[in-house]
Amino acid sequence: MSETNGEEDSYFFQVCGPNEALVVSGCCHSRPLMVAGGRVFVIPCVQQLQRIPLNTLTLSIDSPTVYTKAGVPISVTGVAQVKIQGQNQEMLAAACQQFLGKSEEQIRRIALETLEGHQRAIMGTMTVEEIYKDRKKFAQAVFKVASSDFVNMGVIIVSYTLKDVRDDEGYLKALGMTRTAQVKKDARIGEAEAQRDSGIKEASAEEQRMKARFSNDTEIAAAQRDFELKKAAYDMETQTKKAEAELAYELQAAKTKQMIKEEQMQIKVVERSQQIQVQEQEIARRERELEAQIKRPAEAEKYRLETLADANAKRVLMEAEADAEAVRLKGEAEAYAIEAKAKAEAEQMAKKADAWRDYQEAAMVDMVLETLPKVVAEVAAPLSQTKKVTMVSSGKGELGAAKITGEVMDIVERLPKVVESMTGVDMSKALKLQARSV
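What counts and how
Residues numbered from 1 in each chain as written. Predicted model: local features only at pLDDT ≥ 70, side-chain atom pairs only at ≥ 80, totals over all residues. Heavy atoms only, no water. Helix = DSSP H or I, 4+ residues; strand = E, 2+ residues; numbered from the N terminus. Contact = heavy atoms within 4.5 Å. Areas by Shrake-Rupley, 256 points an atom, 1.4 Å probe, with all protein chains shown as cover. Patch = residues over 30% accessible without salt bridge, like charges linked within 9 Å, V, L, I, M, F, W, Y side chains within 5 Å. Salt bridge = Lys/Arg side-chain N within 4 Å of Asp/Glu carboxyl O. Lys, Arg positive; Asp, Glu negative; His and termini not counted. Charge placed at Lys NZ, Arg CZ, Asp CG, Glu CD. Pairing = 2+ DSSP bridges. Axes fitted to C-alpha atoms, helices over the stretch in contact; angles between N-to-C directions. Buried < 20%, exposed > 50% of the residue type's maximum accessible area, 1.4 Å probe, protein only. Core = buried A, V, L, I, M, F, W, Y, C linked by side-chain atoms within 4.5 Å. pLDDT = per-residue confidence, 0-100. Parallel < 35°, antiparallel > 145°, perpendicular 65-115°, else oblique. Left-handed = near helix turned anticlockwise from the far one by under 90°. Nonpolar A, V, L, I, M, F, W, Y, C, P; charged D, E, K, R; others polar. Phe/Tyr/Trp six-rings, centres within 6.5 Å; stacked < 30°, edge-to-face > 60°. Lys NZ or Arg CZ within 6 Å of the ring centre and 35° of its normal.

Within the chain, the regular secondary structure consists of eight helices and ten strands. Here the contacts in the chain between residues at least 6 apart in sequence split such that 69% fall between residues at least 24 apart. Entry remark: accessible area of the chain is about 29900 Å², with carbon and sulfur atoms responsible for 54%.

Below is the structure:
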């Protein structure tokens, strides 16, 4: 590859970076082919390849001693950034027509002279005060006027700013001094007014501060009062809840003690019921024992006596009846004595029941059952003291020992009715209820 005056003789593929464009002209192209930042295929000898830079150029535009609208000469320095537009084919074609084959410095000089002319033109349409005070307006005017010409050359203005404004006659200095004096005057007036306003505002602020302080003290006192009232109410509520809790505790303790006492009484009732069952079993055992020891031997004795009675019936009839009557009368007397004794014991039991109401009906039943064996023993006591019993039978009903046992059992069977008449407790019903509860 060789390069001469910006032209290249090359072949095959050529590439360029994003800051330049390739321009291919010659065979096969009725118009030059322009590629910004890419590659192209170049046929040697029949096609020509040229490059044009797309770099951004920074221009320092100095316009010395330019008369403004009011005829005051000033010097202005502006700074601009310009570049060839490579993304727009029409602008790139215009740039190629203007700058292809020129160096970057030549492009810079053309752009600088063009922009400097527009800067001078805008300076002639504005006063010094407008340029000095409103630099943005001046920069926008230059940018707007120059952009149209640069577009025609395929160049865009990226930015333009006014860097410096100066003069050799002291005009700007005089403006500054006048402004400075005005500013100082305004500053002194403003300071006096500020001090006056400050005093007024300070007094007003002090007044507001005192009002705020008094209002704050009042609110604090009211808040303190509300706090004390609420605290008293909370304390009262707390004490009330505490007293209620203590009473509830005592009530619950009493209920618990009552439940324990009821459970203990229930245990005692169960124990008494079990004792009653044991006693009932003991009574049944004794009944079976009496039946084995008296009734069965009596039946054998009955058979023997019936045989003897057939021979001695007439002789001993009257004697036997007399003896039997004596035994019956004696048994009734003894039964009457036992009944009187049972009544006395029942009265004693009633008094005990009044003193111990917690035992209720179960305790009465227990006491009666504890006394019942003694009563039975007392009923049977005359028989144990009898040395001789002579029995005479007419042949009707039981004979011998069976008859005596039956009479004893009749007396025993009467005892529950005697107990019920004296205590109001139905022994049979009470025993059945206790047996069901167990």
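Side chains of Glu 287, Glu 291, Glu 299, Glu 407, Asp 410 and Glu 413 sit close together on the surface and give a patch of like negative charge. When residues of the negative patch are traced back to their parent elements, those giving at least two are helix H5 (171-355) and helix H7 (401-423). Turning to its location among the elements, Glu 291 is positioned in helix H5.

Spatial ordering of the open sheet is given by E8-E9-E10, a layout of three strands whose pairing is antiparallel. Where the open sheet ends on each side, the last strands, each with one partner, are strand E8 (57-67) and strand E10 (155-166). Mean inter-strand twist for the sheet, computed between neighbouring axes without regard to direction, equals 20°. Sheet analysis places strand E9 (residues 73-84) next to E10, joined by ten bridges and oriented antiparallel. Among the inter-strand pairings, Val 79 is bridged to a residue of E10, identified as Thr 161. Strands in contact with helix H2 (residues 104-123) are E8, E9 and E10; relative to E8, the strand with the most contacts, it is inclined by about 35°.

Of all the positions in helix H1 (residues 89-99), only Met 91, Leu 92, Ala 93, Ala 94, Ala 95, Cys 96 and Phe 99 are classed as buried. At the C-terminal side of H1, Gly 101 shows a positive phi close to 95°.

It is worth spelling out the nonpolar core at this point. Counting 40 residues, the largest nonpolar core has Ile 84, Leu 115, Phe 138, Phe 150 and Tyr 160 as the members making the most contacts within it. Put simply, the parts of the chain that give this core at least two residues each are strand E4 (20-26), E8, E9, H1, H2, helix H3 (128-133), helix H4 (135-152) and E10. In terms of nonpolar packing, the next biggest core, distinct from the first, is built from seven residues, Leu 22, Val 24, Val 35 and Leu 49 among them.

On to the pattern of salt bridges, then. All told, the structure shown has twelve salt bridges when counted by the stated rule. Taking the shortest distance from any N to any O, the salt bridge between Glu 207 and Lys 211 comes out at 3.4 Å. You can see Glu 207 and its partner Lys 211 sitting in helix H5, four residues apart, about one turn around the helix. Where Arg 225 meets Asp 226, a salt bridge forms, and the shortest distance between an N and an O atom there is 3.2 Å. A network of salt bridges, in which partner residues are shared, links Asp 62, Asp 164 and Arg 166.

This prediction gives the chain a mean pLDDT of 78; 82% of its residues lie at or above 70. Predicted confidence for residues 1-10 stays below pLDDT 50, and this span has 19 contacts to residues more than four positions away or in other chains.

As a further point, take the packing of H2 against H4. The contact between H2 and H4 brings their axes to 9 Å, and the two run at 135°. The angle between H2 and H4 places the two elements in the oblique class. H4 is crossed by H2, and the crossing has right-handed handedness. Across the interface between the two elements, Ala 111, Thr 114, Leu 115, His 118, Gln 119, Ile 122 and Met 123 from H2 touch Phe 138, Ala 141, Val 142, Val 145, Ala 146, Asp 149 and Phe 150 from H4. Residues belonging to the contact of H2 with H4 are distributed by class as follows: ten nonpolar, three polar and one charged.

What follows deals with a nonpolar patch on the surface. A cluster of nonpolar side chains, namely Phe 12, Phe 13, Phe 41, Ile 43 and Val 46, defines an oily patch on the protein surface of about 480 Å² accessible area. Phe 12 sits in the partly exposed class, given a relative accessible area of 49%.

Here the distance between the centres and the angle between the planes together describe a pair of aromatic rings. Enumeration over the complete set of coordinates arrives at zero aromatic pairs. Here the basic side chain of Arg 39 rests over the ring of Phe 13, its NZ or CZ set 5.2 Å away from the ring centre.

Turning our eyes to something else, we now look at the side chain of Thr 68. Among the structural elements, Thr 68 can be located in the loop between E8 and E9. Contact partners of Thr 68, with chain neighbours within four places excluded, come to Ile 74, Met 123, Gly 124, Met 126, Thr 127, Val 128 and Ile 131.

A word on unusual backbone geometry. Excluding glycine, a negative phi dihedral is what most residues carry, and trans is how most peptide bonds are arranged. Look at Thr 65: it is not a glycine, yet its phi comes out positive at around 50°. Its location among the elements puts Thr 65 in strand E8. Take Thr 65: its relative accessible area is 45%, and that puts it in the partly exposed class.

Attention now moves to the environment of Leu 57. In this fold, Leu 57 is placed in strand E8. In this structure Leu 57 comes out as buried when scored by relative accessible area, which is 6%. Taking the C-alpha atoms as reference points, Leu 57 and Ile 157, separated by 100 residues in sequence, lie 9.6 Å from one another. If we skip the residues at most four places from it in the chain, Leu 57 touches Ala 80, Gln 81, Val 82, Glu 104, Ile 107 and Arg 108.

Tracing the sequence through the fold places Val 368 in helix H6 (residues 360-385). For the pair formed by Val 368 and Ala 342, sequence separation is 26 residues and the distance between their alpha carbons is 9.8 Å.

Right, let's talk about the pairing of E8 for a bit. Of the strand pairs in this sheet, E8 and E9 are connected by nine bridges, and their pairing is antiparallel. Across the sheet, residue Ser 63 finds its bridge partner in E9, namely Val 76. Between E8 and E9, which pair antiparallel in sequence order, lie five residues; one of them, Gly 71, sits at a positive phi of approximately 85°.

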